[in-house]
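What follows is each chain in one-letter form.
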Amino acid sequence: MSAVGKLEQAGHHVGESVEQVVDETHAQVAHAETTTGLDHRKLVMWVFIASETIFFAALMATYLVYRGKTPYEEGVGLLDLNVASLNTFILLASSLTMVMSLQAIENKKKGRMIVFLILTTILGLAFLGGQAYEYGKLLQEGISLDTNLFGATFFVLTGFHGSHVAIGVLWIIMLIIRALRGGISEHNHLSVELGGLYWHFVDLVWVVLFTIIYLI
Amino acid sequence: MEHGQAIPQTTIEPHRDPGDFVAEEARIKKAKPNYIGVFILLAILTAIEIGIVSLFHKENGNSTVGRVPILLGLTVAKGLLVILYYMHLKFDSRLYSIFFGAGVLAFALPMVIAFIFLMSPPQLHSVRAEAGEGGTGGEQGPTAPSFVGPPITFDAEGGEFYFKPDALAAQAGQGVRVTLTNVGSVEHTFAISNKPKSEDPTPWTTNDGKEIAHAPAGSTGKGSFKAPTPGEYLFYCDVPGHAQAGMVGTFTVQ
Ligand SMILES: [Cu+2]
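Each value, and the rule that gives it
- Residues numbered from 1 in each chain as written.
- Chains lettered and ligands numbered in written order.
- Predicted model: local features only at pLDDT ≥ 70, side-chain atom pairs only at ≥ 80, totals over all residues.
- Heavy atoms only, no water.
- Helix = DSSP H or I, 4+ residues; strand = E, 2+ residues; numbered from the N terminus.
- Buried < 20%, exposed > 50% of the residue type's maximum accessible area, 1.4 Å probe, protein only.
- Contact = heavy atoms within 4.5 Å.
- Areas by Shrake-Rupley, 256 points an atom, 1.4 Å probe, with all protein chains shown as cover.
- Axes fitted to C-alpha atoms, helices over the stretch in contact; angles between N-to-C directions.
- Parallel < 35°, antiparallel > 145°, perpendicular 65-115°, else oblique.
- Left-handed = near helix turned anticlockwise from the far one by under 90°.
- Nonpolar A, V, L, I, M, F, W, Y, C, P; charged D, E, K, R; others polar.
- Patch = residues over 30% accessible without salt bridge, like charges linked within 9 Å, V, L, I, M, F, W, Y side chains within 5 Å.
- Salt bridge = Lys/Arg side-chain N within 4 Å of Asp/Glu carboxyl O.
- Pairing = 2+ DSSP bridges.
- pLDDT = per-residue confidence, 0-100.
- Buried area = accessible area lost by both parts, 1.4 Å probe.
- Polar contact = N/O pair within 3.5 Å; in protein donor to acceptor, adjacent residues only side chain to side chain.
- Donors = N, O, S within 2.8 Å, 3.2 Å for Na, K, Ca; no water.
- Tetrahedral: all angles 85-135°; square planar, octahedral: opposite > 155°, others 65-115°.
- Core = buried A, V, L, I, M, F, W, Y, C linked by side-chain atoms within 4.5 Å.
- Expected span 1.5 Å × (residues − 1).

**Details of the overall build of chain A**
- Broken down by element type, chain A carries 6 helices and 0 strands.
- When the helices and strands of chain A are placed in sequence order, the string is α-α-α-α-α-α.
- Here chain A holds 216 residues, and 60% of them are scored as buried.
- In chain A, once contacts between residues fewer than 6 apart in sequence are set aside, the share between residues at least 24 apart is 79%.
- Accessible area for chain A stands at about 8100 Å²; split by element, carbon and sulfur atoms hold 65% of it.

This is the structure:
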C-alpha cells in the first residue's frame, strides 16, 4: 500500500506544478503577444497533456504485457463490468458539464458556469466513489497491489488515473472558489479552459482504460 | 538592418495580432458544437461496446479475439470525439494538434507497440503451449483466459440439505463467482467435482473435488473458479454426509 501512497504523492506533485504554472501565468491577464500568435499558457497545457499521454501509455503497455499472466479467476475475472460501465457514463457526463461551464462563461453567464463546475465536481467525486467501491471489493477478494501481477498492474494503472481524477476535482473546486471571488470573467476565463483541457484528458484516458481493462 | 525591417512586417500579419486569441474564441463560438449531441454519441458508442462484450462474449465456444479490433475502433472513435469536440482541437489552432499529435504518434504509440513486442513473446509461447497440452483435438482449443467473456455469478442458497437453485451452467473457461448463502443451522460448503459426472458420480466419497466457498451457519461464503472443459459435472457440499443427504446440484459446462 505504501507504493500506492508514493504514486499518489508523485501525481500530486505533477498537479501542483501545473497549477503553479497556471497560477503564475494567470497574473498576466491580457494575452501577451507571442511569436506563434497563440496563448502560450494553453500551449504549455497541451505539451503537458502530450507528456502525460506518454506516461499513461507506458503504464497501459505494462498492463497489456502482463495481462493474462494471472489466472482469470484471480484477476480480470474478479472485475465488475457494471461498476466500471457506470463510472464510464459518470465521467463522460462530467466532460459534458465541464464543457458546458466553459460555454456558459463564454456566453457571459457566470452563475451558470459555477453551477456546471459544481456538477462536474459532484460527478468527479461519484467516479472516485465507484472506484473506491471497486477497490474495496477486490481487497475483499484478497487482491491487492502485491498479491499478483494483475493486482500490481491494475492498481498502479487505475490508481494513477484515480489520482488524476482527484487532482482534477481539486482543480475544479479551486476554479469555483476563484470564480466566487470574482477572479473569472467572460474576458478572463482561460483558467476554466485549461482546467477543462486537463479534465477532458483524464476522461480520455479512462475511455482507453475502460476498453483495455474491462472489455478486451 | 534587414532584420529590423522584417519584424514590424510580421507583426502586421493578422495571426500575430494579440487580438487573434479573441478571434479564435469567436471562431469556437461561431462553430457552436453540439456538446449534448457529442455526449449522446459517446454514450451510444459505450453502450455498443458493453453490448458487444456482454452479448457476444462467446459464440459457440469460439475465440472472441475477433471482437478486439471492433472494440478498439469504437474506443478510437470515442477518444477522437473527446479530443476534437470537448478539447476543441477541431476548432483550435493546428499548433496544439501538432504538439499533442507528436506526443501520441512519435512517443506514446511506438512505446506501446515496442513494449508489447519486446516483452510479449515468452507469454505468447506459454499460452500456445498450454493450449497444445490441454487442447481438445485440433479445433479451436481453449482460448486464452484474457479473451473469455465477463464472469457469471451464481447465487445459491444452502440449507439442510439442499441447494437452491440446484443447477448451474457456464461456458468452458468462463469465470464463475459463487455466493453461498447458508440459511441452515450447520456449516455448508460449495464444492465442484474435478471429473465429469460420468467418470466420478460421487466426488464426495472419492474426495476428488475442490471447495470453492465455505459458509458457516447463518452467513455467506464467496469464491470463484474457472469452468473446466465441456461436460456434466456436480457441485455439492463437502461436509461429510451432506451430499448423500441431498446437497448436490448439476453443473453443466458448454
Ligand atoms: Cu452442507
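**Looking at the packing of helix 2 (residues 40-66) of chain A against helix 5 (residues 149-180) of chain A**
All names here are of chain A.
- Contact geometry for helix 2 and helix 5: axes closest at 8 Å, N-to-C directions at 160°. The orientation of helix 2 relative to helix 5 falls into the category roughly antiparallel. For the element pair helix 2 and helix 5, the recorded crossing hand is left-handed. Residues Met 45, Glu 52, Phe 55, Phe 56, Leu 59, Met 60, Thr 62, Tyr 63 and Tyr 66 of helix 2 touch helix 5, and the partners they reach there are Leu 149, Phe 150, Thr 153, Phe 154, Val 156, Leu 157, Phe 160, His 161, His 164 and Trp 171.
- Looking at the contact of helix 2 with helix 5 residue by residue, the class counts come to 14 nonpolar, 4 polar and 1 charged.

**Examining a nonpolar patch on the surface**
- Residues Val115(A), Ile118(A), Leu119(A) and Ile122(A) make up a contiguous nonpolar surface patch of roughly 330 Å² in combined accessible area.
- Within the element layout of this structure, Ile122(A) appears in helix 4 (residues 110-140).

**Quick word on the environment of Ala166(A)**
Residues and elements named next belong to chain A.
- Mapped onto the secondary structure, Ala 166 falls in helix 5.
- Judged by its relative accessible area of 24%, Ala 166 falls in the partly exposed class.
- Separated by 41 residues in sequence, Ala 166 and Leu 125 place their C-alpha atoms 7.8 Å apart.

**What about the sheet that holds strand 4 (residues 175-182) of chain B?**
Residues and elements named next belong to chain B.
- Taken in spatial order, the 4 strands line up as 2-1-4-7 in an open sheet, and their pairing is mixed. Each edge of the open sheet is held by one strand with a lone partner, namely strand 2 (162-164) and strand 7 (220-226). On average, each strand axis in the sheet is tilted by 25° relative to the strand beside it, whichever way the strands run.
- When strand 4 meets strand 7, the two strands line up antiparallel, connected through 7 bridges. Within strand 7, the residue paired with Val 176 across the bridge is Phe 225.

**Notes on the confidence of the model for chain B**
Residue and element names in this part refer to chain B.
- In this model, chain B carries an average pLDDT of 75, and 71% of its residues clear a pLDDT of 70 or more.
- Ignoring residues within four places in sequence, the model shows residues 121-147, a span with pLDDT below 50, making 26 contacts including any to other chains.
- Overall fold confidence (pTM) sits at 0.62, and the ipTM for the predicted complex is 0.81.

**Details of the sheet that holds strand 6 (residues 209-215) of chain B**
All names here are of chain B.
- The 5 strands are arranged 3-9-8-5-6 in an open sheet whose pairing can be described as mixed. Of all strands in the sheet, those bounded by a partner on one side alone are strand 3 (167-170) and strand 6. Between one strand axis and the next, the sheet turns through 25° on average, direction left out of account.
- One ladder, built from 6 bridges, connects strand 8 (residues 231-236) with strand 9 (residues 248-253); its direction is antiparallel. The residue of strand 9 that forms the bridge with Phe 235 is Gly 249.

**What to know about the pairing of strand 8 of chain B**
- Sheet topology places strand 5 (residues 188-193) of chain B next to strand 8 of chain B; 2 bridges connect them, and they run antiparallel. Paired with Ala191(B) across the bridge in strand 8 of chain B is Tyr236(B).

**Considering the interface of chain B and chain A**
- Taken together, the contact pairs 63 residues of chain B with 59 residues of chain A.
- Carbon and sulfur atoms supply 72% of the area that chain B and chain A bury against each other, a total of about 5600 Å² over both sides.
- In this structure, the connection of chain B to chain A is made through 0 salt bridges.
- Taken together, the links from chain B to chain A amount to 4 residue pairs in polar contact (both at pLDDT 80 or more).
- Contributions of two or more residues to the side of chain B that touches chain A are made by helix 2 (20-31), helix 3 (35-55), helix 4 (67-86), helix 5 (94-119), strand 4 and strand 7 of chain B.
- Counting residues per element, the side of chain B that touches chain A draws most heavily on helix 5 of chain B, which supplies 13 residues.
- In terms of residue class, the side of chain B that touches chain A is built from 37 nonpolar, 15 polar and 11 charged.

**Considerations on the coordination of the copper ion**
Residues and elements named next belong to chain B.
- For the copper ion, every protein donor is listed as His 188 (ND1), Cys 237 (SG), His 242 (ND1) and Met 247 (SD), and the spread of their distances is 1.9 to 2.7 Å.
- In this structure, the copper ion is surrounded by 4 donor atoms whose angles at the metal cover 80 to 135°, and the resulting shape is irregular.
- Each donor residue of the copper ion belongs to the same chain, with the gaps between them written as H-x48-C-x4-H-x4-M.

**Structural notes on the side chain of Glu193(A)**
- Mapped onto the elements, Glu193(A) comes out in helix 6 (residues 190-215).
- Dropping the residues within four chain positions of it, Glu193(A) is found in contact with Lys42(A), Leu102(A), His88(B) and Asp92(B).

**A few points about the nonpolar core**
- Counting residues in hydrophobic clusters, the biggest one holds 87 residues, and the most contacted among them are Met113(A), Phe154(A), Ile213(A), Tyr214(A) and Tyr86(B).
- Within the residue set of this core, elements represented by two or more residues are helix 2, helix 3 (81-106), helix 4, helix 5 and helix 6 of chain A together with helix 3, helix 4 and helix 5 of chain B.
- No other element matches the 18 residues that helix 6 of chain A contributes to this core.
- Not counting residues up to four positions away in its chain, the partners in contact with Met113(A) are Ser101(A), Ala104(A), Ile105(A), Ala179(A), Ile184(A) and Val192(A).
- One finds Ala156(B), Leu168(B), Ile192(B) and Phe235(B) within the second-largest nonpolar core, a separate group that totals 22 residues.

**Overview of helix 3 of chain A**
Residues and elements named next belong to chain A.
- If you check helix 3, its first and last C-alpha atoms are 38 Å apart, about what 26 residues at 1.5 Å a residue would give, namely 38 Å.
- With a side-chain oxygen positioned 2.9 Å from the backbone nitrogen of Asn 82, the residue opening helix 3 is Asp 80.
- Just beyond helix 3, the residue with positive phi is Lys 108, at close to 65°.

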